[in-house]
Amino acid sequence: MDKQVSRLISQETKRQRNQLEMIPSENYASRSVRAAVGSVFMNKYAEGQARKRYFQGNSIVDELESLCKTRALRLFGLSENDWGVNVQALSGSPANLAIIAALLEPGEKILSMYLPDGGHLSHGWQLPDKKVTLVSKIWDITFYHVNPDSRLFDYDQIAKQAKEVGPKLLISGGTAYPREIDHARMGAIAKSVGAYYLADVSHEAGLIAGGANTSPFPYADAVMMTTHKTLRGPRGAIIFSKKELSQAIDQSVFPSIQGGPHEHTIAGIAVALEEAAAPEFMAYAKQVVTNARVLAKHFVNEGLDVVGGGTDKHLVLIDLRNIGASAWVVAWALEYANIIVNRNTVPFDTGSSVYPSGIRLGTPAITTRGMKEAEMHLIASWIMEVINEVGDMKVPEDKEQRKAFIAKTKKELAINKKILAIARDVKSLCAKFPLP
Ligand SMILES: Cc1ncc(COP(=O)(O)O)c(C=O)c1O
């Protein structure tokens, strides 16, 4: 009925079909998940918790939300006697805000991971002269950093810092940290200083569910995960918390921060949780990690600086400074080659968030399409060809020169013969691996 939106949906479907989606936080939700999200549950207001609603007409919604919560606990092997679960947070950032607001009084201290070292904005990101996030405006934030040599966490250093700072909350979890976080150690550090431990496993949720990454549940007081990354559900979030904290967290989500929950999203999350409990999902999670490891190894062998020396997860972070290539140029050149990655900050970055020094790529979406080791080698060699083709093109420091460079470079990349040839090869590969 709406030709304009319909045209855009068709175009986006085509784009997703013909390009390699390699942003680590993206995936393809199944048709069943999308059907649930597009269902009549979107018509219903359901403020409150199941069987304690402020609106009439919610008996079926209550059943849906309870089913979703039961499935969430079951997927991660949790008992409802020990853990509470909230599936109403609209996404990861409001979920983190709700947890922090429930556990801390304004002004209390948080120790969290530094953003350029792979942390997330919602853990209180701030600059020395600017409180960028609401969390940083309300609470007192200190960051911990990776070790300059290994670019990995130094847990002794975090323990020392925790003693000095005395936080009420320790947060782990990142967007660009390629190695597994030692939740046992982080939980112990938090305990030793009387802090809560929040494990934000937004990126790893599906890998944990599928047995490919370690579970934080034995060590954390609260676990937050987005549902749309490796878990392969709709955009949303799940908050798990120790039973004694769960009422405060429920009340923090509603009425403190949000109004009516998006029950259609909760329907989609319920479907995704059931899909993730199937044996095929375990194979998927393991293949995601295998694929990322193949990519990382290929890049290391080609002389690229792979942060952390490899990966335990679904993502690979490459610092391009050792070969002098610009991440902005590489990311755009790859897009013209039908390969979608992020340009990303790397530890000890000398660039900015818009012009950082690295690229971040991930395997969740391409693994959902069924791609395996052979395809990873092919993709890695295309990426190397693109990097070699544009490695000399540098973004100028000067703002005016940069503006002209950006306009000129995008035009050049769009007609570059080598890049266009790769774009055709990528499209042919994609045709062999249909979307769900
Ligand atoms: C670790 C982590 N936490 C929280 C979020 C926030 O999620 P959302 O974008 O749904 O607000 C993200 C999203 O990338 C994330 O990676």
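Note that this is a predicted model, so its numbers are computed, not measured.

Colleague: For this particular structure, what's the right way to read the domain arrangement of the chain?
Modeller: Quoted interface sizes are often the accessible area lost when the parts come together. Under the domain assignment, the chain is made up of domain 1 (38-276) and domain 2 (280-432). If you average the C-alpha positions of domain 1 and of domain 2, the two centres end up 29 Å apart. The partner domain 2 presents 28 residues to the 29 residues of domain 1 that form the contact. Interface of domain 1 and domain 2: buried area, both sides summed, is about 2400 Å²; carbon and sulfur atoms make up 57% of it. Taken together, the connections running from domain 1 to domain 2 amount to 14 residue pairs in polar contact (both at pLDDT 80 or more). In terms of residue count, the dominant contributor to the side of domain 1 that touches domain 2 is helix α8 (residues 205-209) (3 residues). For the side of domain 1 that touches domain 2, the residue count by class is 13 nonpolar, 9 polar and 7 charged.

Colleague: Explain the site of the ligand here, please?
Modeller: For the ligand, the set of nearby residues contains 15 residues, the closest of which are Ser-91, Gly-92, Ser-93, Asp-200 and Lys-229. With respect to the ligand, the backbone of Ser-93 contributes an N or O atom lying 2.9 Å from an oxygen atom. Contact with the protein chains removes 84% of the 390 Å² of surface that the ligand exposes when unbound. For the shell around the ligand, the elements supplying multiple residues, two or more each, are α4 (92-103) and β9 (222-226). Looking at the shell around the ligand, the element that brings in the most residues is α4, giving 3 residues. Residue composition of the shell around the ligand, grouped by class: 1 nonpolar, 12 polar and 2 charged.

Cut-offs used in this document
- Residues numbered from 1 in each chain as written.
- Predicted model: local features only at pLDDT ≥ 70, side-chain atom pairs only at ≥ 80, totals over all residues.
- Heavy atoms only, no water.
- Domains from an automatic or database assignment.
- Contact = heavy atoms within 4.5 Å.
- Buried area = accessible area lost by both parts, 1.4 Å probe.
- Polar contact = N/O pair within 3.5 Å; in protein donor to acceptor, adjacent residues only side chain to side chain.
- Helix = DSSP H or I, 4+ residues; strand = E, 2+ residues; numbered from the N terminus.
- Nonpolar A, V, L, I, M, F, W, Y, C, P; charged D, E, K, R; others polar.
- Near = heavy atom within 4 Å.
- Areas by Shrake-Rupley, 256 points an atom, 1.4 Å probe, with all protein chains shown as cover.

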